[in-house]
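Residue-level structural notes
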Amino acid sequence: MSLRVAVLLSGSGSNLQALLDAQAAADLGAEVVLVVADRADAYGLQRALKHKVANAYVPLKRAHDPAIRSAWEQRLADVIAAFAPDLVVLAGFMRVLSANFLQRFPNQVINQHPALLPDDGSDTVRTEAGPVVPALRGAHVVADALRLKLPITGCTIHRATPEVDNGPVLARTEVPIRVDDTEETLHERIKAQERRMIVAVVQALAREHAQGFA
Ligand code: GAR
């Protein structure tokens, strides 16, 4: 049985597209069974429609109200659980998910992060290229890398834990920063690596899953 994947996103969904393209080429070993967005204008929802993948918009209004937020998380988890995914991919999902949510999908949620994160949860990363760089966490890490004038940044896929942008690393790629980089040019180079990496990670998890059923 192929690995069932739910993708959560807030925006363009070019990483989703990479998964859908690999699936269409019968090269993923997995099936994207659901796409969920917290924004109605997330282009990723259009990509899902085009590929005839079930999709849902689960809006969060008044995100700062804890009761509303927890009811939203509950709804989100219920929608996802109805599709019985083996894997939940946070592919540009710009909301922090609580321990309660993660407990519904134990060890099944992975997160894409557009910066380098370390294996040991520390605050620095030793790059293969040499320099030690800070582990950038949060929602603005591409801009942070430029502001800090880092020589190198990159991207990471890790298992999601209640600690934001932490958790066991599954894959990481370094991306050198050019002197003339803008946030856009740098993010686009990072995303090119992210698209390659998410396909490789899902393929690897799909192989593990298939062995479990052998
Ligand atoms: C990716 O760079 C991903 O790492 C980032 O959003 C982008 C989504 O691109 N995620 C975060 O910043 C999560 N905090 P896409 O919509 O084109 O797939």
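Figured I'd write up the structure that's included with this text. All figures in this text were calculated on a predicted structure; none of them were measured in a lab. (Residues numbered from 1 in each chain as written. Predicted model: local features only at pLDDT ≥ 70, side-chain atom pairs only at ≥ 80, totals over all residues. Heavy atoms only, no water.)

**Thoughts on the overall build of the protein chain**
Each helix and strand in the protein chain was counted, giving six helices and nine strands. A globule of 214 residues ought to have a C-alpha radius of gyration of about 17 Å, and the protein chain, at 17 Å, matches this closely. Once the C-alpha set of the protein chain is aligned to its principal axes, its extents read approximately 45 × 45 × 30 Å. Every one of the 214 residues in the protein chain was classed for burial, and the buried ones make up 48%. Of all intrachain contacts in the protein chain linking residues separated by at least 6 positions in sequence, the fraction that spans at least 24 positions is 60%. Taken together, the 23 basic and 24 acidic charged side chains of the protein chain have centroids lying 4 Å from each other. (Helix = DSSP H or I, 4+ residues; strand = E, 2+ residues; numbered from the N terminus. Rg over C-alpha atoms; globule rule 2.2 N^0.38 Å. Buried < 20%, exposed > 50% of the residue type's maximum accessible area, 1.4 Å probe, protein only. Contact = heavy atoms within 4.5 Å. Lys, Arg positive; Asp, Glu negative; His and termini not counted. Charge placed at Lys NZ, Arg CZ, Asp CG, Glu CD.)

**Overview of the site of the ligand**
Inspection of the region around the ligand gives Ser-12, Gly-13, Ser-14, Asn-15, Gly-92, Met-94, Gln-112, His-113, Pro-114, His-187, Lys-191 and Glu-194 as its neighbouring residues. Side-chain polar atom of Ser-12 to an oxygen atom of the ligand: 3.5 Å apart, as the coordinates give it. At 2.6 Å, a side-chain N or O of Ser-14 approaches an oxygen atom of the ligand. Notes on the ligand: free accessible area 450 Å², of which the protein chains cover 91%. Where the shell around the ligand is concerned, the elements lending two or more residues are α1 (14-24), β5 (109-113) and α6 (183-212). (Near = heavy atom within 4 Å. Polar contact = N/O pair within 3.5 Å; in protein donor to acceptor, adjacent residues only side chain to side chain. Areas by Shrake-Rupley, 256 points an atom, 1.4 Å probe, with all protein chains shown as cover.)

**Digging into unusual backbone geometry**
Trans peptide bonds make up most of the peptide bonds, and negative phi angles are found at most residues other than glycine. Here Ala-26, not a glycine, exhibits a phi torsion of approximately 55°, which is positive. Taking the relative accessible area as the measure of exposure, Ala-26 reaches 71% and is therefore exposed. The residue Lys-52 is not glycine, and still its phi comes out positive at about 55°. Along the chain, Lys-52 falls in the loop between α2 (43-50) and β3 (55-57).

**Concerning the environment of Ala-77**
Within the secondary structure, Ala-77 sits in helix α3 (residues 66-81). As a C-alpha pair, Ala-77 and Leu-45 span 32 residues in sequence and 18 Å in three-dimensional space. The contact partners of Ala-77, leaving out residues within four places of it in the chain, are Phe-101, Arg-104 and Phe-105.

**Section: the pairing of strand β8 (residues 152-159)**
Most of β8 is tucked away, with eight of its eight residues classed as buried. Burial along β8 is two-sided: Ile-152, Gly-154, Thr-156 and His-158 and Thr-153, Cys-155, Ile-157 and Arg-159, pointing in opposite directions, are all buried. Of the strand pairs in this sheet, β5 and β8 are connected by four bridges, and their pairing is antiparallel. Within the sheet, the bridge partner assigned to Asn-111 lies in β8 and is His-158. Judged from the seven bridges that link them, β8 and strand β9 (residues 169-176) form a sheet pairing that is antiparallel. Considered in β9, the bridge of Gly-154 is made with Glu-174. (Pairing = 2+ DSSP bridges.)

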